[in-house]
Protein chains: 2
Amino acid sequence: MGDKYNRHSKYFVAVDCVIFGYEDGDLKLLLYHRGFEPAKGKWSLMGGFVGEEESSDTAARRILHNITGLDDIFLEQVQAFSEPKRDSEDRVVSITYYALIRIDQHNSDKVRENGAHWWSMKSLPHLVFDHQEMVMKALEKLQVKAEMELVGSELLPDKFTLLQLRRLYEAIFQIELDTGNFRKKVLSLKVLQRLDEKNTTESRRGAYYFKFIEGAKARPFDRIVKI
Amino acid sequence: MGDKYNRHSKYFVAVDCVIFGYEDGDLKLLLYHRGFEPAKGKWSLMGGFVGEEESSDTAARRILHNITGLDDIFLEQVQAFSEPKRDSEDRVVSITYYALIRIDQHNSDKVRENGAHWWSMKSLPHLVFDHQEMVMKALEKLQVKAEMELVGSELLPDKFTLLQLRRLYEAIFQIELDTGNFRKKVLSLKVLQRLDEKNTTESRRGAYYFKFIEGAKARPFDRIVKI
DNA sequence: TCAAAAGTGTTCGTATTACACCCATGA
DNA sequence: TCATGGGTGTAATACGAACACTTTTGA
């Protein structure tokens, strides 16, 4: 490598992952009980440093795999955080990602081993450094995504009821949605297929299970610009 | 500073700025004729390294000020680019920003001194490294912003006609818009005030000038989530 | 007089919203 | 039987899209 840039400084570059999951009608976050200084014993996002042969995307996937055992996870960059003193130990630029995982599918033993724990978005513990801000930015990104297309395949089990899907949306946007209107809107998108099977655990009458039609990539809440 | 992270590598951290301007009905980009290696003599975005006492935001503002003489510019992070070999010289993580500036207002002598040049988005030169991708991501961000709220105060002169505003939107989205519908939509937002003055240079009849009402922050192309 | 933009109005179809209402069933 | 969610229907409204039409005026 050359030395053309050598009058400039180098910094550590890390990734932090905002890992969303969904369980029992609650949007949850996978947090880490830090086993190392600085801020040992406090809660933080899952993170790690970017290696020499890695992009930050690759590093984030590696970390996610190490924690959950999962590959092929939905993962998207949020933004970089670079305040000089954001990490109390040294100058670290953090590139933040958010991921969507299905809690029913991940390796929960591995998660426990790693000192990780699912927390409801409704009652998060105090987070280290600027991790709180990272979570907020990540949630905003998730909301934009959920407006642009029907999310659910990344967070729900293979088959789910419309109640479960609605509860997911209510959790993401922290609002209440009208049953009938939600149903009509979602079904009009033609991305769900009704199964011949009912879930009878969540209602007396029983609700049909649905699944996502593979390959159906219609964007629901249409955002084509036509002013 | 401690040495808790010392088994990890450090990298250069730079910012690159996608600087949008608007002139003669064209969306333009301020590009730089590189005076240094690597890629000397090629065209690139405006960039620079992040200093020890700076956040990337601060660094981006510094660079923008150095080039254009302007402060108080609209500036927003796009994302970080971190492929190990994205810069041919050394490992450099780049945090990309986009800025909106009024071409009529910037210091054009300074720009020329810096070897910078305004290029129409319709015919950009070949850019170094991954700068082409940065421009694309920045344009997408600008489009999202322009959908969410009426942009124009950052790019147009203080007073402008609805034709000029429409041409700006057509340039941002690279589509044609209906005169009447655009007019109705924009005026319904109640963020523009008509002046008692007409522009007679762009049409026989003359079009009223408008200006943005200060403090009016209504979002035009409403995106409230109500599924 | 005519082209080009300014500015206004109308029509039509669809999406959104706020509901009302009946169904099914286990506790 | 009744509370709870499942599922369907409707009416009022808002909005987008397409487009017709009049006005103004310099070349």
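- An unreviewed UniProt entry lists chain A under the name NUDIX domain-containing protein, from Plebeiibacterium sediminum.

Topic: the interface of chain B and chain A
- Taken together, the contact between chain B and chain A spans 49 residues of the former and 49 residues of the latter.
- Between chain B and chain A, roughly 4600 Å² of surface is buried when both sides are summed, and carbon and sulfur atoms account for 61% of that area.
- Along the contact surface separating chain B from chain A lie 0 salt bridges.
- Our count for the contact surface shared by chain B and chain A stands at 21 residue pairs in polar contact (both at pLDDT 80 or more).
- At the level of secondary structure, the elements contributing two or more residues to the side of chain B that touches chain A comprise β1 (10–23), α1 (56–68), β5 (74–81), β6 (92–100), α4 (162–173) and α5 (179–188) of chain B.
- The biggest single contributor to the side of chain B that touches chain A is β1 of chain B, with 4 residues.
- Bridge analysis of strand β1 (residues 10–23) of chain A against β1 of chain B gives 3 bridges, and the strand direction is antiparallel. Of the residues in β1 of chain B, the one forming a bridge with Phe12 of chain A is Lys10 of chain B.

Section: helix α3 (residues 131–148) of chain A
Residue and element names in this part refer to chain A.
- Counted at 1.5 Å a residue, the expected span for α3 with its 18 residues is 26 Å, and the 26 Å between its end C-alpha atoms agrees.
- Burial in α3 covers these residues: His131, Met134, Val135, Ala138, Leu139, Leu142, Lys145, Ala146 and Glu147.
- The elements touched by buried residues of α3 are β1, β2 (26–33), β3 (43–44), β5 (74–81), β6 (92–100) and α4 (162–173).

Quick look at the packing of aromatic side chains
- Considering all chains together, one arrives at 18 aromatic pairs over all chains under this definition.
- Here Tyr169 of chain A and Phe182 of chain A contribute two aromatic rings whose centre-to-centre distance is 5.9 Å and whose plane-to-plane angle is 55°, an arrangement assigned as tilted. With Tyr169 of chain A in helix α4 and Phe182 of chain A in helix α5 (residues 179–188), this pair connects stretches of sequence that are 13 residues apart.
- By relative accessible area, which is 0% here, Tyr169 of chain A ends up buried.
- Taken together through their ring pairs, the aromatic side chains of Tyr5 of chain A together with Phe12 and Phe49 of chain B make up a single cluster.
- Sitting over the face of the ring of Tyr208 of chain B, Lys198 of chain B holds its NZ or CZ atom 4.8 Å from the ring centroid.

Some details on helix α1 (residues 56–68) of chain A
- Between its first and last C-alpha atoms α1 of chain A spans 18 Å; for 13 residues at 1.5 Å apiece the expected length is 18 Å, and the two agree.
- Check the buried side of α1 of chain A and you find it contacts β1, β2, β4 (46–49), β5, β6 and α2 (108–113) of chain A.

Some remarks on the pattern of salt bridges
All names here are of chain A.
- Per the stated rule, a full pass over the model turns up 28 salt bridges over all chains.
- One salt bridge connects Asp158 with Arg102, and the closest N-O pair in it is separated by 3.2 Å. Of the two residues, Asp158 sits in the loop between α3 and α4 while Arg102 sits in the loop between β6 and α2, which places them 56 residues apart along the sequence.
- Taken together, the shared-partner salt bridges connect Asp16, Arg86 and Asp130 into one network.

Structural notes on a positive patch on the surface
- Positive charge collects at one region of the surface, where Arg183, Arg194, Lys198 and Arg205 of chain A lie side by side.
- Inspection of the secondary structure puts Arg194 of chain A in strand β8 (residues 192–199).

Remarks on the relation of the copies chain B and chain A
- After a rotation of 179° and a shift along the axis of 0.0 Å, chain B superposes on chain A with an RMSD of 0.1 Å. The transformation relating the two chain copies, once decomposed into turn and shift, fits a two-fold axis.
- Both copies present the same face, since 100% of the interface residues in chain B are matched by interface residues at the equivalent positions in chain A.

Thoughts on the nonpolar core
- Within the largest apolar cluster, 54 residues are counted, with the highest numbers of intra-cluster contacts made by Met46 of chain A together with Met46 of chain B.
- In this view, Met46 of chain A contacts Val15, Asp16, Cys17, Ile19, Leu30, Leu31, Tyr32, Ile63, Ile67 and Ala116 of chain A; residues no more than four positions away in its chain are not counted.

Calculation notes
Residues numbered from 1 in each chain as written. Chains lettered and ligands numbered in written order. Predicted model: local features only at pLDDT ≥ 70, side-chain atom pairs only at ≥ 80, totals over all residues. Heavy atoms only, no water. Contact = heavy atoms within 4.5 Å. Buried area = accessible area lost by both parts, 1.4 Å probe. Salt bridge = Lys/Arg side-chain N within 4 Å of Asp/Glu carboxyl O. Polar contact = N/O pair within 3.5 Å; in protein donor to acceptor, adjacent residues only side chain to side chain. Helix = DSSP H or I, 4+ residues; strand = E, 2+ residues; numbered from the N terminus. Pairing = 2+ DSSP bridges. Expected span 1.5 Å × (residues − 1). Buried < 20%, exposed > 50% of the residue type's maximum accessible area, 1.4 Å probe, protein only. Phe/Tyr/Trp six-rings, centres within 6.5 Å; stacked < 30°, edge-to-face > 60°. Lys NZ or Arg CZ within 6 Å of the ring centre and 35° of its normal. Patch = residues over 30% accessible without salt bridge, like charges linked within 9 Å, V, L, I, M, F, W, Y side chains within 5 Å. Areas by Shrake-Rupley, 256 points an atom, 1.4 Å probe, with all protein chains shown as cover. Lys, Arg positive; Asp, Glu negative; His and termini not counted. Charge placed at Lys NZ, Arg CZ, Asp CG, Glu CD. Least-squares fit on C-alpha atoms with pLDDT ≥ 70 in both. Core = buried A, V, L, I, M, F, W, Y, C linked by side-chain atoms within 4.5 Å.

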